[in-house]
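Observations on the three-dimensional arrangement
The primary structure of each chain is shown beneath.
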Amino acid sequence: MWAAQYFHFDEPKRWMTSGGLGTMGYGLPAALGVQAAHPGALVIDIAGEASVQMTMQEMSTAVQHNLPIKVFILNNEWMGMVRQWQQLLHGERYSHSYSAALPDFVKMAEAFGATGIRADRPDELDAKIKQMIETPGPVLFDCRVAREENCFPMIPSGKAHNEMILADDVTHARIDDAGKKLV
């Protein structure tokens, strides 16, 4: 959803999406298919850490077939959209959306024979994104982001498009340790 809102495309047929239909894990296998169909193209999967974990084994396919996909993980240590729904529509009752036991994605990439890169601070991004693009072969980029950042607009279940929630409609509540223990 972040890529849909903020990544700009200048030509047609440059965007693959599940359409926001809750298909966590879509991006990595879709990127492999696009890369196989367009071997000379730069293919970047922009995904959350939970999405990548669902299909992480496909990094072996990328390495085995030398498919130079770039997987850019927006890592907030939550199932981001799940947490957002729980925060905004379910009274901050968090259930199974926080992860205190994530893998080290850089080491995981290396275990598959790919390249792993991590950025912890915004001032590192430009240089490390350039490094990701220039690195031959598959790359897994772990980009650490703010834990409570939400993606808007969103349409609550059963509501019409004119009832969507915009960022200005929400006061952001901080998720404390007691809330994390609920998961």
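Because the structure is predicted, anything quoted here is derived from the model rather than measured.

Quick notes on the rules
Every chain is numbered independently, its residues counted from 1 as its sequence is written. Predicted model: local features are reported for residues with pLDDT of at least 70 only, side-chain atom pairs are reported and counted for 80 or more only, and whole-chain, interface and lining totals are derived from all residues. Neither water nor hydrogens contribute to the side-chain values; these are computed over all heavy atoms in the structure. Only runs of H or I of at least four residues qualify as helices and only runs of E of at least two qualify as strands under DSSP, and these elements are numbered from the N terminus. A 1.4 Å probe rolled over the protein chains alone gives each residue an accessible area, and that area as a share of the maximum for its type sets the label: buried under 20%, exposed over 50%, partly exposed in between. Contact criterion: two residues are considered in contact whenever any of their non-hydrogen atoms come within 4.5 Å of each other. Whenever two N or O atoms come within 3.5 Å, that pair is a polar contact, provided that in protein one can donate a hydrogen and the other can accept it, and provided that, for residues adjacent in sequence, both atoms are side-chain atoms. Strand pairing requires that DSSP identify at least two bridges connecting the strands. A right-handed crossover is one whose linking path, passing over the helix from the first strand to the second, runs clockwise when the strands point away from the viewer. For our purposes a nonpolar core is just a set of buried Ala, Val, Leu, Ile, Met, Phe, Trp, Tyr and Cys residues, chained together by side-chain atoms within 4.5 Å. What counts as an axis is a line fitted to C-alpha atoms, over the stretch in contact for a helix, and the angles between N-to-C directions run from 0 to 180 degrees. The arc in question is the one traced by the directions running from the helix axis out to the C-beta atoms.

1. Some points on the environment of Thr135
Positionally, Thr135 belongs in the loop between helix H7 (125–134) and strand E4 (139–144). On the accessibility criterion, Thr135 (15% relative accessible area) is buried. Excluding its chain neighbours within four sequence positions, the residues that come into contact with Thr135 are Lys70 and Thr115. Looking at Thr135, its side chain comes within polar contact range of the main-chain oxygen of Gln131, at 2.6 Å.

2. Observations regarding the pairing of strand E3 (residues 115–119)
With five bridges joining them, E3 and E4 adopt parallel strand pairing. Paired with Thr115 across the strands is Val139, a residue of E4. In this fold, E3 hands off to H7, which returns the chain to E4; that crossover is right-handed.

3. Topic: the nonpolar core
Proteins that are soluble and globular tend to have nonpolar side chains buried together. Membership of the largest hydrophobic core comes to 17 residues, with the highest contact counts inside it found for Val52, Met59, Ile69, Val71, Ile73 and Leu140. Looking at this core, the element that brings in the most residues is helix H2 (residues 27–37), giving three residues. Leaving out residues up to four positions away in the same chain, Ile69 has contacts with Leu28, Ala31, Leu32, Gln35, Val43, Met59, Ala62, Gly137, Pro138 and Val139. Judged by nonpolar contacts, the second largest core, of seven residues, contains Ile117, Ala119, Val139 and Phe141.

4. Thoughts on the sheet that holds E4
Pairing is parallel across the open sheet formed by four strands, whose spatial order is E1-E2-E4-E3. Looking along the sheet, the strands with just one partner apiece sit at the ends: strand E1 (44–48) and E3. Strand-to-strand twist of the sheet, defined as the mean angle between neighbouring strand axes without regard to direction, takes the value 20°. Both E1 and strand E2 (residues 70–75) contribute to a ladder of five bridges, which runs parallel. Bridging from a neighbouring strand, Ile46 pairs with Phe72 of E2.

5. What about helix H6 (residues 105–112)?
Of the positions making up H6, those classed as buried are Phe105, Val106 and Ala109. Viewed end-on, H6 has its buried residues packed into an arc of 105°, placing them on one side of the element. For H6, the exposed residues set more than 90 degrees away from the buried face come down to Lys107 and Ala111. Check the buried side of H6 and you find it contacts helix H3 (49–54), E2, E3 and E4. Measuring from the side-chain oxygen of the N-cap residue of H6 to the backbone nitrogen of Val106 gives 3.0 Å; that N-cap residue is Asp104.

6. So, H2
Given 3.6 residues per turn, any residue in an α-helix points the same way as the ones three and four places further on. Considered for burial, the residues of H2 that qualify are Gly27, Leu28, Ala30, Ala31, Leu32 and Gln35. Among the structural elements, E1, helix H4 (59–64) and E2 are those in contact with the buried residues of H2.

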